[in-house]
Amino acid sequence: MAIKRVEFPNHVIIPIIIEELHKGHTATLNLRGWSMRPFLEHDRDKALLCLPGEVKVGDPVLAEVPALKGEGTRYVLHRITRIEGEEVTLRGDGNLGDEHCQLKDIKAAVVGFYRKGRKTLDRTDGWKWRIYSWWWMRLTPIRRYLLAFHRRIWLKIFKPKTIQ
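Let us look at the structure shown here. Computed from a predicted structure; not experimentally measured.

Let us now look at the overall build of the protein. For the protein, the helix and strand inventory stands at three helices and eight strands. Here the C-alpha radius of gyration of the protein, 16 Å, is about what a compact globule of 164 residues would show, namely 15 Å. Projected onto its principal axes, the C-alpha coordinates of the protein cover approximately 50 × 45 × 35 Å. Scored against the burial criterion, the 164 residues of the protein give a buried share of 38%. The long-range fraction of contacts in the protein, counting pairs at least 24 apart against all pairs at least 6 apart in sequence, stands at 55%. Total accessible area computed for the protein in this model is approximately 10600 Å², and 58% of it derives from carbon and sulfur atoms. When the 30 positive and 19 negative side-chain charges of the protein are each reduced to one mean point, those points stand 10 Å apart.

Encoded structure:
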């Protein structure tokens, strides 16, 4: 039997996922987009989501943020870079700019990632993710150059495979 892949726009599927999280379920979301590069890839990796508890700086979260052109909202899976009261600053690992939301706009926390087609979860509370996060957040001043190298050289040599 052939498996048929069906894709839904984020504004359709994510509210359904959030509803299921509120019922006590977890959800695995196929990642789309390049904002969490260089470690998470579009159409290759997956995130295991749960309801957010107490979030802290460094945590990857699914958040609702204002749309780029000011119309409506959109969802992003980014890392928290700052929390000041109810104001949260987010940045994708592959992004140079920040996005902002309120604590109430954080819809899910990431338990871990299934990377490179693996069946084992890279947990966000595990040593591997914590070391990577600690370094990547401190490399912000030179991130522009590291991302340019990744895009212009690394990906040309080691093209990522998409997982179906």
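To continue, consider the side chain of Ser-133. Mapped onto the elements of the fold, Ser-133 is located in helix H2 (residues 127–138). Given the relative accessible area of 7%, Ser-133 is considered buried. A distance of 2.9 Å separates the side chain of Ser-133 from the side chain of Arg-79, its partner in a polar contact.

What follows is about the nonpolar core. Within the largest apolar cluster, 21 residues are counted, with the highest numbers of intra-cluster contacts made by Ala-47, Leu-49, Leu-77 and Phe-113. Mapped by element, the contributors of at least two residues to this core are helix H1 (10–22), strand S1 (27–30), strand S2 (46–50), strand S4 (73–84), strand S7 (106–114) and H2. By residue number, the principal contributor to this core is H1, which donates four residues. Counting 10 residues, the second largest nonpolar core, distinct from the first, contains Val-61, Val-65, Cys-101 and Ile-106.

Between its terminal C-alpha atoms helix H3 (residues 143–157) stretches 20 Å, which fits the 21 Å expected from 15 residues at 1.5 Å a residue. Taking the largest bend as the criterion, H3 deviates by roughly 40°, centred on His-150. For H3, the full list of buried residues reads Arg-143, Leu-147, Ala-148, His-150 and Leu-155. Looking at the packing, one finds that the buried side of H3 touches strand S5 (87–91) and H2.

For the rest of this paragraph, the subject is the pairing of S4. When strand S3 (residues 60–66) meets S4, the two strands line up antiparallel, connected through seven bridges. Within the sheet, the bridge partner assigned to Pro-66 lies in S4 and is Thr-73. What sits between S4 and S5 in their antiparallel hairpin is a turn of two residues, with Gly-85 showing a positive phi close to 65°.

Turning to a nonpolar patch on the surface, a few remarks are in order. Residues Phe-149, Ile-153, Trp-154, Ile-157 and Phe-158 make up a contiguous nonpolar surface patch of about 530 Å² in total accessible area. Along the chain, Ile-153 falls in helix H3.

The terminal C-alpha atoms of H2, which comprises 12 residues, lie 17 Å apart, in line with the 16 Å expected from a rise of 1.5 Å per residue. Taken together, the buried positions of H2 are occupied by Trp-129, Tyr-132, Ser-133 and Trp-136. Down the axis, H2 shows its buried residues gathered within 100° of arc, on one side only. Across from the buried face of H2, at angles greater than 90 degrees, the exposed residues are Trp-127 and Arg-130. If you follow the buried residues of H2, they end up packed against S3, S4, S7, strand S8 (122–123) and H3.

How each quantity is defined
- Residues numbered from 1 in each chain as written.
- Predicted model: local features only at pLDDT ≥ 70, side-chain atom pairs only at ≥ 80, totals over all residues.
- Heavy atoms only, no water.
- Helix = DSSP H or I, 4+ residues; strand = E, 2+ residues; numbered from the N terminus.
- Rg over C-alpha atoms; globule rule 2.2 N^0.38 Å.
- Buried < 20%, exposed > 50% of the residue type's maximum accessible area, 1.4 Å probe, protein only.
- Contact = heavy atoms within 4.5 Å.
- Areas by Shrake-Rupley, 256 points an atom, 1.4 Å probe, with all protein chains shown as cover.
- Lys, Arg positive; Asp, Glu negative; His and termini not counted.
- Charge placed at Lys NZ, Arg CZ, Asp CG, Glu CD.
- Polar contact = N/O pair within 3.5 Å; in protein donor to acceptor, adjacent residues only side chain to side chain.
- Core = buried A, V, L, I, M, F, W, Y, C linked by side-chain atoms within 4.5 Å.
- Expected span 1.5 Å × (residues − 1).
- Bend = angle between axes of the 7 residues up to and from the residue.
- Pairing = 2+ DSSP bridges.
- Patch = residues over 30% accessible without salt bridge, like charges linked within 9 Å, V, L, I, M, F, W, Y side chains within 5 Å.
- Salt bridge = Lys/Arg side-chain N within 4 Å of Asp/Glu carboxyl O.
- Arc of directions from axis to C-beta.

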